[in-house]
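Here are the chains, one letter per residue:
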Amino acid sequence: MASGSVTSSKPKKEPENFEYNNNDTGPYRVFVELKEQGASNVNINKFSLGAHLKKIEDIKGNVQELQQLGKNKIIVKLNNYDKANKLVNLINTDNSIYRAYVPKHAVSISGVIADIPLEITEEEILNDIESEAPVICVKRLFRYDENNEKIFSQRVSVTFRACVLPRNVRLFCCVTRVQPFLQRSNFCQNCLRFGHKTENCKGRKRCHKCGIIHNSDKEYEECKSQIKCVFCKTTEHVSGAINCRETIRQKNIKNTMAYQNLTYAEAQKLTPITTMNRFESLNQTSSFPAINETFAKVVSKSNELKQQWSKTNEMRPKLFPTVPSKQNNEPIKSAPKRIRNEEPTGVYYDNINLSHNNGTGLNNPHKTSDTNTYIMRKVAETKKEFQLMMMNFYTELVGQENTDPESVQRFKQLAKKHLKLDTTFM
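For clarity, every value in this text was computed on a predicted model and none was experimentally measured. (Residues numbered from 1 in each chain as written. Predicted model: local features only at pLDDT ≥ 70, side-chain atom pairs only at ≥ 80, totals over all residues. Heavy atoms only, no water.)

Moving on, we come to the overall build of the protein chain. Per the secondary structure count, the protein chain includes 13 helices and 10 strands. Classification of the 426 residues of the protein chain by burial places 28% in the buried group. Partitioning the contacts of the protein chain with sequence separation of at least 6, the portion at a separation of at least 24 is 53%. Element-wise, carbon and sulfur atoms account for 50% of the exposed surface of the protein chain, whose accessible area totals about 31500 Å². (Helix = DSSP H or I, 4+ residues; strand = E, 2+ residues; numbered from the N terminus. Buried < 20%, exposed > 50% of the residue type's maximum accessible area, 1.4 Å probe, protein only. Contact = heavy atoms within 4.5 Å. Areas by Shrake-Rupley, 256 points an atom, 1.4 Å probe, with all protein chains shown as cover.)

We now examine the pairing of strand S1 (residues 28–34). Counted residue by residue, S1 has 7 buried out of 7 residues, so it is predominantly covered. The side-chain alternation of S1 yields two buried faces, one formed by Tyr28, Val30, Val32 and Leu34 and the other by Arg29, Phe31 and Glu33. As paired elements, S1 and strand S4 (residues 98–101) share 4 bridges and run antiparallel to each other. Looking at S4, one finds that Leu34 is bridged to Tyr98. (Pairing = 2+ DSSP bridges.)

Take unusual backbone geometry next. Phi angles above zero are rare outside glycine, and Leu192 is one such case at about 60 degrees. For Lys233, which is not glycine, the phi dihedral falls at a positive 60 degrees. If you trace the backbone, Lys233 turns up in the loop between helix H5 (217–221) and helix H6 (245–260). What makes Lys233 exposed here is its relative accessible area of 54%.

On to the pattern of salt bridges. The final tally for this structure, using the stated rule, is 7 salt bridges. The partner of Lys83 in a salt bridge is Asp58, and the shortest N-O contact between them spans 2.7 Å. Of this pair, Lys83 sits in helix H2 (residues 81–93) while Asp58 sits in the loop between helix H1 (46–54) and strand S2 (63–69); the two residues are 25 residues apart in sequence, bridging distant segments of the chain. The closest approach of N and O atoms between Asp58 and Lys86, which form a salt bridge, is 2.2 Å. Of this pair, Asp58 sits in the loop between H1 and S2 while Lys86 sits in helix H2; the two residues are 28 residues apart in sequence, bridging distant segments of the chain. (Salt bridge = Lys/Arg side-chain N within 4 Å of Asp/Glu carboxyl O.)

This brings us to a nonpolar patch on the surface. A contiguous nonpolar patch, built from Leu118, Phe142, Tyr144 and Phe152 and spanning about 380 Å² of accessible area, is present on the exposed surface. Within the secondary structure, Leu118 is located in the loop between strand S5 (109–113) and helix H4 (122–128). (Patch = residues over 30% accessible without salt bridge, like charges linked within 9 Å, V, L, I, M, F, W, Y side chains within 5 Å.)

Next comes the structure, spelled out in structure tokens:
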């Protein structure tokens, strides 16, 4: 007989099924999963399920959406509560591979009432409580101490058969407020993940300081690496800190679950993972070199450079003649004004075909000729070339620290090289 151990897995408990009524609000969610999930590695597919639902004539017109929930569950959203209950019965009664049910959280919501003395039992609260919605169950909240023993509190969780949480309830002749039941997010100190406690962890241990998997317990105790968060990839805090992005995200998921009555998987999709801003490094000014001197500062230190700058500006009218300005205070003669009563000459209409069906835009005699366009383009190109030459000249000019004879000779060479001139501005 071969040695070995055979692990017998317990059969999975079938989920409890509930039904919708006319007091519930839509969309009405029906959870569908495979009957035998452990028999094969095949996961449930929403397109295969959608093709199966299309064959049901009485249901296909009421299906709004199919939403994948993990690997083995699909949420079918319908717009009618009666059709949702009927869909559950049809899938469970036929010989298909699917199992359908309406979970408890889809038709119920939990709230918390505070300041309930410990001597009052859960049965007494359930028998006396009065509310707008029917009460399904009552449970007193507790926490664990250092010795892993339960310590009951004065807060009581009340589950209502409704989709909207009632604002108040009446208990022992008193009206008290009902608050949403916010679950606490569990952080594992062993694998540094959220969603389970440390004593229930099945993953590998990771260093709480640096987030790396060490080889021995001594390395975990004497870790000298830099602090690093496994979620934010930053060295400002350890994993699971209060200001960690993932800790804040998990808290927002719990709030969404409480206020919108959703499962963890549904609320997780509504709260995406926050990534680091790629522009955060720009806030660190120490990483960028400081500019010691600008062009204006260099020019202001030397009067000789100022003179060269002024002489350079004086050369611009010689290269590009401008429009003549007033000289000797003489007024500029303007063109004679046209007399409106004067009849127009025939030259204006000679080259225009007024009988053209497509308009006279193509025969416009006043359009710019190709020669004028060519001249304008050449002037623009010449201006750009001159600006580039001047920019190169100024760049190398600023690099000179003094104006000794050697620098003067160097300026002459630069002027001849970049400005195409035989004489310098000196």
